Amino acid sequence: MVNKLWCETAIPILWRNPWNYDINYHKKSSLYDIIVSYLPDDFTKYLEKSQEIKISHQQLSFDYLSYCNSVSSNAIYKILSAGTSLGYNKFILQEEFYNILIGKCLKFKYLDMETIKHQIFYFSLARSRLESLCELRCDSSIESSYFYGLARISSNIQRLIVINKDMDVNHGIVKLIDYQNNLRYFEWKDNSNDVYIAEDPYEELLHTLERKVNTLSHLIMSIRFDDDYQHLYLQEVLPKFTKLKTLVINNILGYNDVNSELVYGDLEVFKTNYISLQKASSIIKNSGGHLKDILLKYDYYDYYYENYFDDSLIFIKKVYENCPLVERLSILVSYSDQHLLELENLLKSSKNLKSLLVILGVERTSYEQMLEKGDALLKILLKYAPTNLREIRFFDSYKFSLENLEKFFGGWKRRPALTIITSDPIYRMEGYSRLVSKYKNLGVIKEFRCDSDNAIYF
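Bear in mind the structure is a predicted one, so any value in this text is a computation, not a measurement.

The rules behind each value
- Residues numbered from 1 in each chain as written.
- Predicted model: local features only at pLDDT ≥ 70, side-chain atom pairs only at ≥ 80, totals over all residues.
- Heavy atoms only, no water.
- Helix = DSSP H or I, 4+ residues; strand = E, 2+ residues; numbered from the N terminus.
- Buried < 20%, exposed > 50% of the residue type's maximum accessible area, 1.4 Å probe, protein only.
- Contact = heavy atoms within 4.5 Å.
- Lys, Arg positive; Asp, Glu negative; His and termini not counted.
- Charge placed at Lys NZ, Arg CZ, Asp CG, Glu CD.
- Phe/Tyr/Trp six-rings, centres within 6.5 Å; stacked < 30°, edge-to-face > 60°.
- Lys NZ or Arg CZ within 6 Å of the ring centre and 35° of its normal.
- Domains from an automatic or database assignment.
- Axes fitted to C-alpha atoms, helices over the stretch in contact; angles between N-to-C directions.
- Parallel < 35°, antiparallel > 145°, perpendicular 65-115°, else oblique.
- Left-handed = near helix turned anticlockwise from the far one by under 90°.
- Nonpolar A, V, L, I, M, F, W, Y, C, P; charged D, E, K, R; others polar.
- Core = buried A, V, L, I, M, F, W, Y, C linked by side-chain atoms within 4.5 Å.

Caption draft 1: Region of interest: the overall build of the chain. Each helix and strand counted, the chain has 18 helices and 14 strands in total. Reported as C-alpha extents along the three principal axes, the dimensions of the chain are approximately 80 × 55 × 40 Å. A total of 458 residues make up the chain; the buried ones form 52% of that total. A separation of at least 24 residues holds for 73% of the contacts in the chain among residues at least 6 apart in sequence. Each charge sign in the chain was given a centre, from 56 positive and 59 negative side chains, and these centres are 8 Å apart.

Caption draft 2: Highlighting the packing of aromatic side chains. Per the stated rule, a full pass over the model turns up 16 aromatic pairs. Each ring, one from Phe394 and one from Phe400, has its centre 5.1 Å from the other, and the planes form 65°; the classification is edge-to-face. Here Phe394 falls in the buried class, since its relative accessible area comes to 4%. Each residue in the set Phe394, Phe400, Phe408, Phe409, Trp412, Tyr427, Tyr432, Tyr439 and Phe448 is aromatic and connected to the rest through ring pairs, giving one cluster. We note Arg159 situated over the ring of Tyr185; from NZ or CZ to the ring centre the distance is 3.8 Å. A cation over a ring is seen here: Arg415 above Trp412, with NZ or CZ 4.4 Å from the ring centre.

Caption draft 3: Region of interest: the domain arrangement of the chain. As far as domains go, the chain holds domain 1 (1–108) and domain 2 (133–255). Here domain 1 and domain 2 have C-alpha centroids that lie 32 Å from each other.

Caption draft 4: Quick peek at unusual backbone geometry. Even without being a glycine, Leu125 presents a positive backbone phi close to 75°. With respect to the helices, strands and loops of the structure, Leu125 is situated in the loop between strand S2 (110–112) and helix H6 (126–130). We classify Leu125 as partly exposed; its relative accessible area is 42%.

Caption draft 5: Molecular detail of the packing of helix H14 (residues 337–349) against helix H15 (residues 367–384). Where H14 meets H15, the axes come as close as 9 Å, and the angle between the chain directions of the two elements is 15°. Between H14 and H15, the interaxial angle falls into the category roughly parallel. By crossing handedness, the relation of H14 to H15 is classed as right-handed. Residues Asp337, Leu340, Leu343, Glu344, Leu347 and Lys348 of H14 form the contact with H15, whose participating residues are Lys373, Ala376, Leu377, Ile380, Leu381 and Tyr384. A class-by-class count of the residues in the contact of H14 with H15 yields eight nonpolar, no polar and four charged.

Caption draft 6: Representation of the nonpolar core in the model. Counting 141 residues, the largest nonpolar core has Met113 and Ile294 as the members making the most contacts within it. Per-element tally for this core: the top contributor is helix H5 (residues 87–104), with seven residues. Per-domain counts for this core show at least three residues from each of domain 1 (1–108) and domain 2 (133–255). The contacts of Ile294, once residues within four sequence positions are left out, are Phe270, Ile284, Phe315, Val319, Cys323, Val326, Arg328, Leu329 and Ser330. In this structure, Ile161, Ile163, Tyr185 and Ile220 belong to the second largest nonpolar core, which totals five residues.

Now the structure itself:
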């Protein structure tokens, strides 16, 4: 639509991974028409005998599939479903297309096999095409035999994402992991409603991952919360992943029971919940000064344990002493003068800070005192916030009067526009809404919204 040169340059780029765009593939008839144009004549004639399938014939301007280096079974299923609703027709149409795709694409870099129904690993040319595979997305409900077939071919997968839809151990996934020579990124997401668990779904997996400690740089595990499950094996293996750059572990209670010190000298991203401030401070102290994201989710029980006040002060101090590169941070504070002073020190030291989540510990205090301390907090933010700060999140009942909030907005005028997110619905009231609209129009506020408690967290 621009010119020939633009078209010839853009098409190969767009078709490297045409299955990964934010579009409704069910309604992309143009993609369906391109795909079925590759079908051989004898297969097309066979399909046309069925009155329930739509086949188009067109001359293609490009050999589109030759540019592909990726496969997404989910997107391909949606596209080809536009031509038929019969299960058998869908199956043979997909099978023939996979065969053509493997013939056309010289090397595959990315494979999403979440909804795959075909053993493409045994197709002709599959070995030469899939041995270069770098990234795989799959789910645990797929039969183990699929993973055995892939493990036979692909041993250099660097990025593996598993959606766990079945709490039974998938030995095929474990075998596939074991065969990898350079696994750098592993992500596991529990998405199962199984109530009964016959065997530990994580131990064999973690045991295999343990053998990848020399290559694994990114470990992300979102585990289904179960307060009866102790994650004992995780406690055992966590200290061994010393080369991690990313450590994201959610819904696991096992952190605080790890006896040895957790030392991650290259760590850049640290995100978790259900961790004590003491253990978090220890990780930060041993992080090597590379941390950019420190995102801890605190639960109400954290506010009530005996030493939270002192431990939160130590945590903030460890951050500004050991993390000069921090960009996103969540901290637990109180209204005390000591916390406000440490917050001041943190802001002075964190020149790269872009987003700050301030979580208020539960304290018994009057509404007037809350307004007074809220005013003090705004003054510190206005005076010491680094120029890179673009977003502030307030969790729990921070109280800012209209007058003090307007002073804060007025003082922020010469800075980049600020996003403020709060969990307190009081800021939806008319007076606050008018004030926010005023400073949005002036370009001071980019966004101001009240979110649910869970949405406040990163």
